[in-house]
Amino acid sequence: QVQLVESGGGSVQAGGSLRLSCAASTNTICMAWFRQGTGKEREGVATITRGGSPRYADSVNGRFTVSKDYAKNTLYLQMNSLKPEDTAMYYCAAGAFICDLTLGRYVYWGQGTQVTVSS
């Protein structure tokens, strides 16, 4: 069982930045960020492959940066140039065997942290 605790959400104006953190209770290789806006399906945002390469959804590529502190079992998401369409609940996920942005691969989920971007 892996417990995930997200933090760092909040409210910002468009163009602003936020940094999300996700602390895992144990060492877990595949971790990822997903998000779900109101009335929308949950979608993958960013992850790091087993080889250490970041992967991003097209909608955030170039604005968001995912990183991981392997010693602390913590995944980060630096979000810059935020847009109103980035408004969503952001979830951390873990437990996949393949580190990609396929929703169904992930077994463990955090409770989420809200990000609200105003225009």
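If you're wondering where the values come from, they're calculated on a predicted model, not measured in any experiment.

1. Thoughts on the overall build of the chain
- Each helix and strand counted, the chain has zero helices and eleven strands in total.
- In sequence order, the secondary structure elements of the chain are arranged as β-β-β-β-β-β-β-β-β-β-β.
- Scaling as 2.2 N^0.38, a compact globule of 119 residues should have a C-alpha radius of gyration of about 14 Å, and the chain matches this with 13 Å.
- Projected onto the principal axes, the alpha-carbon positions of the chain cover approximately 40 × 25 × 25 Å.
- The buried share of the chain, reckoned over its 119 residues, is 44%.
- For the chain, restricting intrachain contacts to residue pairs at least 6 apart in sequence, the fraction spanning at least 24 positions comes to 59%.
- Per element, the accessible surface of the chain, about 6,200 Å² overall, is 46% carbon and sulfur.
- Computing the positive centroid from 11 side-chain charges and the negative centroid from 8, the chain places the two 5 Å apart.

2. Focus: the environment of S21
- The topology assignment puts S21 in strand β3 (residues 18-24).
- The class for S21 is buried, based on a relative accessible area of 17%.
- Between the alpha carbons of S21 and R55 there is a distance of 17 Å; along the sequence they are 34 residues apart.
- Setting aside anything within four residues of it in sequence, one finds S21 in contact with V5, E6, S7, W33, T74, L75 and Y76.

3. Regarding the state of the cysteines
- Evaluation of the coordinates by the stated rule reveals two disulfides.
- Each sulfur of the disulfide joining C22 and C92 lies 2.0 Å from the other. Measuring handedness by torsion sign, the sulfur bridge of C22 and C92 sits at about -80 degrees and is left-handed. On the criterion of sequence distance, the pair formed by C22 in strand β3 and C92 in strand β9 (residues 88-94) is long-range, its members being 70 residues apart.
- Here C30 engages in a disulfide with C99; their sulfurs sit 1.9 Å apart. Across the S-S bond linking C30 and C99, the dihedral sits near -75 degrees, which makes this disulfide left-handed. Of this pair, C30 sits in the loop between β3 and β4 (31-36) while C99 sits in the loop between β9 and β10 (108-109), placing them 69 residues apart in sequence.
- Classification of C99 by relative accessible area gives buried; the value is 7%.

4. Structural notes on the pairing of strand β7 (residues 64-69)
- Burial along β7 is one-sided: the residues F64, V66 and K68 are buried and none of T65, S67 and D69 is.
- Where β7 lies against strand β8 (residues 74-79), six bridges are found, and the strand directions are antiparallel. Each residue of the ladder has a partner; that of S67, found in β8, is Y76.
- Taking the residues that link successive antiparallel strands as the turn, the β7-β8 hairpin has four residues, and the phi of N73 there is positive, at about 55 degrees.

Rules used throughout
- Residues numbered from 1 in each chain as written.
- Predicted model: local features only at pLDDT ≥ 70, side-chain atom pairs only at ≥ 80, totals over all residues.
- Heavy atoms only, no water.
- Helix = DSSP H or I, 4+ residues; strand = E, 2+ residues; numbered from the N terminus.
- Rg over C-alpha atoms; globule rule 2.2 N^0.38 Å.
- Buried < 20%, exposed > 50% of the residue type's maximum accessible area, 1.4 Å probe, protein only.
- Contact = heavy atoms within 4.5 Å.
- Areas by Shrake-Rupley, 256 points an atom, 1.4 Å probe, with all protein chains shown as cover.
- Lys, Arg positive; Asp, Glu negative; His and termini not counted.
- Charge placed at Lys NZ, Arg CZ, Asp CG, Glu CD.
- Disulfide = S-S within 2.5 Å.
- Pairing = 2+ DSSP bridges.

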